[in-house]
Amino acid sequence: MTDLFRGTYFEAMNIRNLLENENIEVFTQNENMSNIEPWAVTSGGFNPVILKVNNEDFENAKKIIEDYENGNLNLNTNEIEK
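Let us look at the structure shown here. Everything numeric in this text was worked out from a predicted model, so none of it was measured. (Residues numbered from 1 in each chain as written. Predicted model: local features only at pLDDT ≥ 70, side-chain atom pairs only at ≥ 80, totals over all residues. Heavy atoms only, no water.)

What follows covers the pattern of salt bridges. Inspection of every chain in the model, using the stated rule, returns three salt bridges. In this structure, Glu-20 engages Arg-16 in a salt bridge whose closest nitrogen and oxygen atoms are separated by 3.9 Å. Here Arg-16 and Glu-20 lie together in helix α1 (residues 9-21), a separation of four residues that amounts to about one turn. (Salt bridge = Lys/Arg side-chain N within 4 Å of Asp/Glu carboxyl O. Helix = DSSP H or I, 4+ residues; strand = E, 2+ residues; numbered from the N terminus.)

This is the structure:
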């Protein structure tokens, strides 16, 4: 597995959801400790959550994160029929 992203809990969970929606398996490191004692995980508690992906998924996952950071998300927004 390769480190892909390091950030806050909320940002990491947003990215994890985007990756999982593309069927990319994601391992989250420090997910619980980032909420309990983030300063115990990283210096000053800065960006405590690490997302890891399999090596073969790294390039696709990296592209998804770049799109996320640039605001280029193509979200499928099907309207719910009443």
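So, about the sheet that holds strand β3 (residues 49-53). Read across the sheet, three strands follow the order β1-β3-β2 without closing on themselves; strand pairing throughout is antiparallel. Each edge of the sheet is formed by a strand with only one pairing partner; in this case those strands are β1 (2-7) and β2 (26-29). In this sheet, neighbouring strand axes are inclined to one another by 25° on average, regardless of whether the strands run parallel or antiparallel. Against the sheet, helix α4 (residues 58-70) makes contact with β1 and β3, and its axis sits at roughly 20° relative to β1, the strand it touches most. (Pairing = 2+ DSSP bridges. Axes fitted to C-alpha atoms, helices over the stretch in contact; angles between N-to-C directions. Contact = heavy atoms within 4.5 Å.)

All right, on to the pairing of β3 then. Counting buried positions over the five residues of β3 gives five, a clear majority of the element. Covered by surrounding structure in β3 are Val-49, Leu-51 and Val-53 together with Ile-50 and Lys-52, the residues of both alternating faces. As judged from the five bridges shared by β1 and β3, these two strands associate in the antiparallel manner. In the strand pairing of β3, Thr-2 is matched with Val-53. Strand direction decides the pairing type here: β2 and β3, joined by four bridges, are antiparallel. Opposite Phe-27, over in β3, you have Lys-52 as the bridge partner. (Buried < 20%, exposed > 50% of the residue type's maximum accessible area, 1.4 Å probe, protein only.)

With a phi angle near 60°, Asn-23 is a residue other than glycine that sits in the positive phi range. Following the sequence through the fold, Asn-23 ends up in the loop between α1 and β2.

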